[in-house]
Structure formats: structure tokens, C-alpha cells
Amino acid sequence: MKEDSVVPTPVILGIDDLRPLPGVTRIARTSREGVQLLEEHREVFVDELWLDHDLGGDDSIMPVVTLMEEAAFNGRPFRIGTVFVHSANPIGAETVVRSLTRWNYRVRRAVA
């Protein structure tokens, strides 16, 4: 008998205050929710992580970026295939790209 091979569903996380982000399996709308979402996926390979810089009001993605930087600094970076940074704020987006690239995360600018 031939066993059917099961293809796992990709884990695609998004942190964005407004966009629907089709294809994302879980979404967070604030940086606080984003930190919690990443912590929940600490031991899981995340295929894609979509990040928006500005999250409404004074909130930004930077607490999430700090969490990812600290994890890498401590020798336990999050296992993420590609981080996609999509933001209408070009300076904020570039800050995220530079920060995460420095810690060897695979980062791409994207349009969501």
C-alpha cells in the first residue's frame, strides 16, 4: 500500500493594523499582539512573516523587531523563511529591513 504524503499547511503570520493580508494563517493588529503571536510560534518554523511598520496611533512594529533581534543576539533566532516588510512609511520600512538583515533574517520589501 502506498501512503499518502501529507503536505503541511504553511505557517504565514502577519502583523498589520489594517490590511486583510490574504493567505495569512494568523494575524495580529498591534505590536503587543504581534509579540504574543511570535512567542506562540517560538518552536515552529514560520514560512512567512509579514510586517507593517505603522500600527496605528503611536504603535509601531519596533517591539516585534526588538524581540526578534534579542532572540538572535541570544543565539536562538526565530525560524522564519522570509520576513516581508510592507509599509507606506519608507523610512520605517527601511529601518525594519536593516535591523533584521543585520541579524541574518531573510528580509524582503513587499507590497501587500
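Look a little higher up for the structure.
The structure contained in this document is the topic of the report that follows. Remember, it's a predicted structure, so these values are computed and weren't measured experimentally. (Residues numbered from 1 in each chain as written. Predicted model: local features only at pLDDT ≥ 70, side-chain atom pairs only at ≥ 80, totals over all residues. Heavy atoms only, no water.)

**Observations concerning the environment of Ser 99**
Along the polypeptide, Ser 99 turns up in helix α3 (residues 90–102). Considering only alpha carbons, one finds Ser 99 and Glu 69, 30 residues apart in sequence, at a separation of 7.6 Å. Filtering out sequence-adjacent residues up to four positions away, Ser 99 remains in contact with Val 65 and Glu 69. Polar side-chain contacts of Ser 99 include one of 2.8 Å to the backbone oxygen of Thr 95. (Helix = DSSP H or I, 4+ residues; strand = E, 2+ residues; numbered from the N terminus. Contact = heavy atoms within 4.5 Å. Polar contact = N/O pair within 3.5 Å; in protein donor to acceptor, adjacent residues only side chain to side chain.)

**Description of helix α1 (residues 31–40)**
Those residues of α1 lying buried are Ser 31, Gly 34, Val 35, Leu 37 and Leu 38. What you see down the axis of α1 is that its buried residues fit within an arc of 160°, all on one side. Contacts from the buried residues of α1 go to β1 (12–15), β2 (26–28), β3 (46–51) and α2 (62–73). (Buried < 20%, exposed > 50% of the residue type's maximum accessible area, 1.4 Å probe, protein only. Arc of directions from axis to C-beta.)

**Describing the pairing of β3**
Examined bridge by bridge, β1 and β3 share 4 bridges and lie parallel to one another. When the sheet's bridge partners are listed, Gly 14 is paired in β3 with Trp 50. What joins β3 to strand β4 (residues 80–85) is α2, and the crossover it makes is right-handed. (Pairing = 2+ DSSP bridges. Right-handed = clockwise from strand over helix to strand, strands pointing away.)

**Some words on the sheet that holds β1**
Strand order across the open sheet formed by 5 strands is β2-β1-β3-β4-β5, with parallel pairing between neighbours. Either end of the sheet is taken by a strand with one partner, and the two such strands are β2 and β5 (107–109). Each strand axis lies, on average, 20° off the axis of its neighbour in the sheet, ignoring direction. Of the pairings in the sheet, the one linking β4 to β5 comprises 3 bridges and is parallel in character. Bridge assignment links Val 83 to a residue of β5, and that residue is Val 107. Most of the contacts of α1 go to β2, to which it runs at about 145°, and overall it touches β1, β2 and β3. (Axes fitted to C-alpha atoms, helices over the stretch in contact; angles between N-to-C directions.)

**Some remarks on the packing of aromatic side chains**
Enumeration over the complete set of coordinates arrives at 2 aromatic pairs. Judged by centre distance (4.5 Å) and plane angle (20°), the ring pair of Trp 50 and Phe 84 falls under stacked. Within this pair, whereas Trp 50 is found in strand β3, its partner Phe 84 is found in strand β4, the two being separated by 34 residues in sequence. In this structure, Trp 50 and Phe 84 share a single accessibility class: buried. With a centroid separation of 6.1 Å and 85° between ring planes, the pair formed by Phe 73 and Trp 103 is classed as edge-to-face. With a gap of 30 residues between them, Phe 73 in helix α2 and Trp 103 in the loop between α3 and β5 connect regions that are remote in the sequence. Under the relative-accessibility criterion, Trp 103 is labelled partly exposed at 23%. Positioned above the aromatic ring of Phe 78 is the side chain of Arg 42, whose terminal nitrogen or guanidinium carbon lies 4.1 Å from the ring centre. (Phe/Tyr/Trp six-rings, centres within 6.5 Å; stacked < 30°, edge-to-face > 60°. Lys NZ or Arg CZ within 6 Å of the ring centre and 35° of its normal.)

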